[in-house]
Structures are given as structure tokens and as C-alpha cells.
Amino acid sequence: MIGPERLKAFTDGVLAIIVTIMVLELHVPHEAGLESLRPLVPVALSYLLSFVYLIIYWNNHHHLLHVTQRVTGGILWANAHLLFWLSLVPFVTAWMGENHFAPVPMAAYGVVLFLSAIAYLMLQRVIIGSEGPESVLAAAVGRDVKGKLSPLVYAAAIAFAFVRPWIAGALYVLVALTWLTPDRRIERALGEREQQ
């Protein structure tokens, strides 16, 4: 059986590779003038948004495993499921940016975000199932309104991508902004547990 630290290290390595693959999609222009950067704006914006998302997942995953006492086979598979969907982020990021936020790539980006969010919620549930309903994670997560609302916003954004892609983009940014501040629920639950 592996410990949480080893799983954390593995996930960190995979996320580092995902970010590296994503940054390699930023191609340097052959001209030296500022106007040569104009075609790269959509690619750079999609990279920035995806980078923020990946860091949000990395940060929250770190907190999640910080309160995990033991890693079961179910946790390993749930974590692999999350990493699978996150590994598709570079593809949809490049597709969306290269095609200037066209409807189908925008929707595909939303599908990957939606399935990543579902995979994260599943990982949380598997860990809580392993740790028990009295665990720090169970206390910290509570009803998890933000975690359950995010996939609903992604689903709406997927639909909007075919009608008004800019609304889909705004919804993706909105969800990222709501998660940009690190989730302090686990830290608070740990503090309350230590005071008991």
C-alpha cells in the first residue's frame, strides 16, 4: 500500500508534465515586431486560463491528500481518473486558442472541465468513504456547494458555446475566479480538530 505522500508526488509530477506540454504549444513568432504577437493572443489567453485551472487543481489536491491517512486501491483509481481528464487540458487548450474560441473547441474545453470536476468530486467521495464520515475531510467538505455548482456552470457553458462562445468563455473564467482563492475549508477543519 502506498502512502499519501507518494500519491501526492506522483500527481505533482503528472501535473508538471501537463503544464510543460501546454507551454510547448506556445510557438514563438518568426518576426520580431509586436504585431507578430497579435495572432498569439487567443493561444496565450487559453493557456493562461488553463494554467490557472491546473494550479487550482494542484492546490486543492494537495489539501485533499494532506488529510488523507491511507491510500486504497479505490483512491488510486479515482486519482488516475482525475489525472486522465486533466491530461486532456493541453489538447483542448491548444484547439480552443488556435481556432480563436470557435464553438466546438469551446464546448470541448467545457466537456474536459466538466469531467475533471466530476472526477475530483468522485476522488473526494472515495477518500471520505475510506476515511469515514467523521474524518477531517468529511467535516471540511460539508455540503460542498462550490464543488457541486461548478459542474453545473460548465454544463451551461458547453451549451452556450454553440450559441455565444464568449458567454461560455466568461463562465469558464467565472468558475476559475471562484476557485482562485485557495479553499481554506480543510485548514479550518484541521484547526478545529486540533482544538478538540
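Residues numbered from 1 in each chain as written. Predicted model: local features only at pLDDT ≥ 70, side-chain atom pairs only at ≥ 80, totals over all residues. Heavy atoms only, no water.

Some words on the overall build of the protein
For clarity, the threshold we go by: To qualify as a helix, a DSSP run of H or I must reach at least 4 residues; to qualify as a strand, a run of E must reach at least 2; elements of each kind are numbered from the N terminus. Atoms counted for the radius of gyration: C-alpha only. Globule rule: 2.2 Å times the number of residues to the power 0.38. Contacts: residue pairs with any heavy atoms within 4.5 Å of one another. For every accessible area listed, the method is Shrake-Rupley and the probe measures 1.4 Å; residues are considered covered only by the protein chains on display.
Broken down by element type, the protein carries nine helices and zero strands. Reading the protein from its N end, one meets helices and strands in the order α-α-α-α-α-α-α-α-α. Against the compact-globule benchmark of 16 Å for 196 residues, the protein has a radius of gyration of 18 Å, which places it among compact chains. Dimensions of the protein, computed from C-alpha atoms along their principal axes, come out at roughly 60 × 30 × 30 Å. Once local pairs closer than 6 in sequence are excluded, the contacts in the protein between residues at least 24 apart make up 79%. For the protein, the exposed surface amounts to about 10,600 Å²; the carbon and sulfur share of it is 69%.

Overview of the side chain of S135
Note the cut-off: In protein, a polar contact requires one atom able to donate a hydrogen and another able to accept it; more generally it is a pair of N or O atoms within 3.5 Å, and residues adjacent in sequence count only if both atoms are side-chain atoms.
Among the secondary structure elements, S135 is positioned in the loop between α5 (103–131) and α6 (136–141). A distance of 2.9 Å separates the side chain of S135 from the backbone oxygen of G132, its partner in a polar contact.

Describing helix α8 (residues 165–180)
For an α-helix, 3.6 residues make a turn, and residues three or four places apart therefore share a direction. Worth spelling out the cut-off: Helix span, expected: 1.5 Å multiplied by one less than the number of residues in the helix. Remark: exposure states derive from per-residue accessible area (1.4 Å probe, protein chains only) relative to the maximum for the residue type, with buried under 20%, exposed over 50%, and partly exposed in between. The directions considered for the arc run from the helix axis to the C-beta atoms.
The terminal C-alpha atoms of α8, which comprises 16 residues, lie 22 Å apart, in line with the 22 Å expected from a rise of 1.5 Å per residue. For α8, every residue scored as buried is listed here: A168, G169, L171, Y172, V175, A176 and W179. For α8, the arc enclosing every buried residue in end-on projection is 160°, short of the 170-degree limit, so these residues lie on one face. For α8, exposure combined with an orientation more than 90 degrees from the buried face picks out W166 and L177.

Side note on the layout of surface pockets
Put simply, the rule is: A cavity here means a set of 1 Å grid points, computed over protein atoms only, where a 1.4 Å probe fits but cannot escape. A pocket is an open set with protein on both sides within 12 Å along at least 5 of 7 lines, and lining residues have an atom within 4 Å of a point. Grid points are joined across faces, edges and corners, and a volume is the space filled by probe spheres set on the points.
Counted as a void, the largest pocket has a volume near 250 Å³. Forming the walls of the largest pocket are 15 residues, and the residues nearest its centre are L45, L48, L49, G169 and V173. If you list the elements that add at least two residues to the lining of the largest pocket, you get α2 (41–66) and α8. Here the element with the most residues in the lining of the largest pocket is α8; it accounts for seven residues.

Digging into a nonpolar patch on the surface
Selection rule: Residues enter a patch when their relative accessible area is above 30% and they make no salt bridge; the linking distance is 9 Å between like charges and 5 Å between nonpolar side chains (Val, Leu, Ile, Met, Phe, Trp, Tyr). A side-chain nitrogen of Lys or Arg and a carboxyl oxygen of Asp or Glu constitute a salt bridge if their distance falls within 4 Å.
Together, F91, W95, V104, F160, F162 and V163 make up an exposed nonpolar region whose accessible area comes to about 600 Å². Turning to its location among the elements, V163 is positioned in the loop between α7 (145–161) and α8. We classify V163 as exposed; its relative accessible area is 56%.

Points about unusual backbone geometry
Positioned with a positive phi, H100 is a non-glycine residue whose angle comes to about 50°. Tracing the sequence through the fold places H100 in the loop between α4 (89–98) and α5. Positive phi, normally seen in glycine, also occurs at F101, with a value near 60°. By the element assignment, F101 lies in the loop between α4 and α5.

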